[in-house]
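# Coordinate inspection notes
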Amino acid sequence: MSKTLKVLFLAAEADPFVKVGGLGDVAGSLPRALRALSPELTGEVLLDVRLVLPFHPVIRSNITSLHSLPPFTLRRNGEEILVEVFETILEEMPVYFIGGGPIDASGSVYSSNSETDGEKYTFFSLAALGLAKQLNWYPDVVHANDWHTALTAYGLLVQHWQEGQPRPASLITVHNLPFLGPDVHNVLEKYDIPLAQTDLPDWARLKPLPLGLWSADAIVAVSPTYADEMLSKDYGSGLQDFLKTRRENLTGILNGLDVNSFDPTTDKDIAAQFTAESLDQRKANKTALATQVGLVADQAVPLFGVVSRMDPQKGIDLVLDGLRRIVDTPWQAVVLGTGDPKLEESARKLQKDFSERVRIAAKYDSRLARQIYAGADIFLMPSRYEPCGLSQMIAMRYGCVPVVRAVGGLHDTVTEGETGFVFIKPQVKDFVTAVQRALDTYRNKEAWQAMQKNGMRQDFSWTKSASKYFELYQRLISTRT
Ligand code: GLC
């Protein structure tokens, strides 16, 4: 008889329902990748992974075929607050949406008001635990992601769990450590959740992510290097000493990529599909991209591509300053991304000063993004920190050779001289030197194509990561008390 392993997977966003950033990609892919693991890989264990999301008002109109489940209540300030539950099925996976209270009152996935988000995600995290009881479906593992859902691990530890049911093991995946969440002690108080004595630093013990990390049975960083970096002062967001005490429970598992969606052999958004064996077809994509953004198409001129949030995290300033310094050789650049108004402004300034070389598209445009991956020659991603990073993987899959900083997931996915170009210090000068190495190699067509092929042949599929998560789930359950 096969065994079933039940996992409740929680996130603030998940593709295809709602996606703001990389978290949405992961929460959209990983649960389904886990369910799709073959019986040979799982030793016949059946993975019943179910996803729970807040029923953000912005996604209500996106979902068809939804049915409501019986509501239940949460006690807050002595009042009963109604928790509404809806269900849909995504490729055989049950997906639950939780609405009511502060979720209905919210607008977008994340608000600029931290108090609003604190209320909303505390409610969501506690309601998700209530949902398991309501469904009479008791998970073996509760898998939370980032600060928004971290309080589920805390709730599991400090709240009463169902009599006769083993308490689920808890796991938190950290996609972005500096986002610890707002102080929520007032909110917890309203729900009668006690503030535990912890070994967290004082300033951290009122925030969702630290409380979650303190409670969780396992902490997963989205790349092995980020798991190490989190223990250092530079990347630990003040939690490094605490995290060192959890070293045994901390691992890194590299994210995968939705290789079916990001596939240059079938991608309908690009001018010409191609494979590692038909790289010459890329030329049509380069011409189409240049023409579309209003640059003069020229196969001899190397074309840089950037697809990124305009955020200091992403080192966009290094790109903007660095490109200015490369004047003795021709190049062109297409930069796609929005965010920080100051960075957008300096990007526009670069376009003004280099009007024949640079085009900036200050927007979110997933189609243009694919056209950049498929048409640009060199992908620039000099992040200050990068827990995992997806764009460099997509770029390599599309034969666009990346220049990256050796940090987090970039360090784990790009190899100097083989699949890309890597520099260490977050300084313009070092970035420029790496770009020069890329430009030198670009002139040697054979060497360049060899690198493109190396990148295109890497396995970025989810199966590897999903099996690592599966092994971890098994380990957690076997040691569950
Ligand atoms: C965050 C990180 C990014 C990572 C993504 C998914 O957006 O900044 O590096 O790839 O989460 O884990």
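Residues numbered from 1 in each chain as written. Predicted model: local features only at pLDDT ≥ 70, side-chain atom pairs only at ≥ 80, totals over all residues. Heavy atoms only, no water.

It is worth spelling out the site of the ligand at this point. Around the ligand, a shell composed of G22, L23, V26, H175, N176, V222, N255, Q313, E386, P387, C388 and G389 is seen. Note that an oxygen atom of the ligand is positioned 3.4 Å from one of the backbone N or O atoms of P387. For the ligand, whose free accessible area comes to 310 Å², the fraction covered by protein is 94%. Both domain 1 (3-256 + 463-478) and domain 2 (279-458) contribute no fewer than three residues apiece to the shell around the ligand. (Near = heavy atom within 4 Å. Polar contact = N/O pair within 3.5 Å; in protein donor to acceptor, adjacent residues only side chain to side chain. Areas by Shrake-Rupley, 256 points an atom, 1.4 Å probe, with all protein chains shown as cover. Domains from an automatic or database assignment.)

For the rest of this paragraph, the subject is the sheet that holds strand 11 (residues 332-336). Strand pairing in a sheet takes place through backbone hydrogen bonds and is either antiparallel or parallel in direction. Spatially, the six strands line up as an open sheet ordered 12-11-10-13-14-15, and their pairing is parallel. Of all the strands in the sheet, the pair left with one neighbour each is strand 12 (358-361) and strand 15 (421-423). Pairs of neighbouring strands in the sheet enclose a mean axial angle of 15°, with direction left out of account. Two strands pair when backbone bridges link them, and strand 14 (residues 401-405) and strand 15 are joined in this way by three bridges, in the parallel orientation. Residue pairing in the sheet places R405 in a bridge with F423 of strand 15. Across the sheet, helix 17 (residues 445-456) lies against strand 13 (378-381), strand 14 and strand 15, angled at about 75° from strand 14, the strand it touches most. (Pairing = 2+ DSSP bridges. Helix = DSSP H or I, 4+ residues; strand = E, 2+ residues; numbered from the N terminus. Axes fitted to C-alpha atoms, helices over the stretch in contact; angles between N-to-C directions. Contact = heavy atoms within 4.5 Å.)

Moving on, we get to the sheet that holds strand 3 (residues 67-76). Strand order in the open sheet formed by nine strands is 3-4-5-2-1-6-7-8-9, and the pairing between neighbours is mixed. The sheet is open, and its two borders are formed by strand 3 and strand 9 (250-252), each paired with just one other strand. Strand-to-strand twist of the sheet, defined as the mean angle between neighbouring strand axes without regard to direction, takes the value 25°. Bridge count for strand 7 (residues 169-174) against strand 8 (residues 218-221) is four bridges, and the pairing is parallel. By the bridge assignment, L171 is partnered in strand 8 with A218. Across the sheet, helix 4 (residues 114-135) lies against strand 1 (4-10), strand 2 (46-54), strand 3, strand 4 (79-90), strand 5 (93-99) and strand 6 (141-145), angled at about 120° from strand 3, the strand it touches most. In the packing of helix 7 (residues 208-215) onto the sheet, the strands contacted are strand 7 and strand 8, and the crossing angle to strand 7 comes to about 135°.

What follows concerns the side chain of D146. Its location among the elements puts D146 in helix 5 (residues 146-158). Despite its burial, D146 remains without a salt bridge, the nearest opposite charge being carried by R309 at 9.2 Å. At 3.3 Å, the side chain of D146 forms a polar contact with the backbone nitrogen of N176. If we ignore the near neighbours within four places in the chain, the residues touching D146 are L23, I172, T173, V174, H175, N176 and L209. (Buried < 20%, exposed > 50% of the residue type's maximum accessible area, 1.4 Å probe, protein only. Lys, Arg positive; Asp, Glu negative; His and termini not counted. Salt bridge = Lys/Arg side-chain N within 4 Å of Asp/Glu carboxyl O.)

Within the structure shown, the criterion is met by 14 aromatic pairs. Ring centres of F55 and F97 lie 5.5 Å apart, and the angle between their planes is 45°; on these two criteria the pair is classed as tilted. A residue pair is termed long-range when its members are at least 10 positions apart, and F55 in the loop between strand 2 and strand 3 and F97 in strand 5 qualify at 42 residues. Note on accessibility: F55 and F97 belong to one class, buried. Taken together, a centroid distance of 5.9 Å and an interplanar angle of 90° make the contact between Y138 and W161 edge-to-face. Separated by 23 residues along the polypeptide, Y138 in the loop between helix 4 and strand 6 and W161 in the loop between helix 5 and strand 7 bring together distant segments of the chain. By way of ring pairs, the aromatic residues F17, F55, F86 and F97 are connected into one cluster. (Phe/Tyr/Trp six-rings, centres within 6.5 Å; stacked < 30°, edge-to-face > 60°.)

Bringing the domain arrangement of the chain into the picture now. Bring the parts together and some accessible area is lost; that lost area is often taken as the interface size. Each assigned domain of the chain is listed with its residue range as follows: domain 1 (3-256 + 463-478) and domain 2 (279-458). Here the C-alpha centroids of domain 1 and domain 2 sit 34 Å apart. Taken residue by residue, the interface counts 17 residues in domain 1 and 15 residues in domain 2. Each partner contributes to the roughly 1200 Å² buried at the junction of domain 1 and domain 2, and carbon and sulfur atoms together form 59% of this total. The interface formed by domain 1 and domain 2 holds zero salt bridges in total. Where domain 1 packs against domain 2, one counts seven residue pairs in polar contact (both at pLDDT 80 or more). Looking at the side of domain 1 that touches domain 2, the elements that each hand over two or more residues are helix 1 (22-35) and helix 8 (224-229). The element contributing the most residues to the side of domain 1 that touches domain 2 is helix 8, with four residues. Within the side of domain 1 that touches domain 2, the residues separate by chemical class into seven nonpolar, seven polar and three charged. (Buried area = accessible area lost by both parts, 1.4 Å probe. Nonpolar A, V, L, I, M, F, W, Y, C, P; charged D, E, K, R; others polar.)

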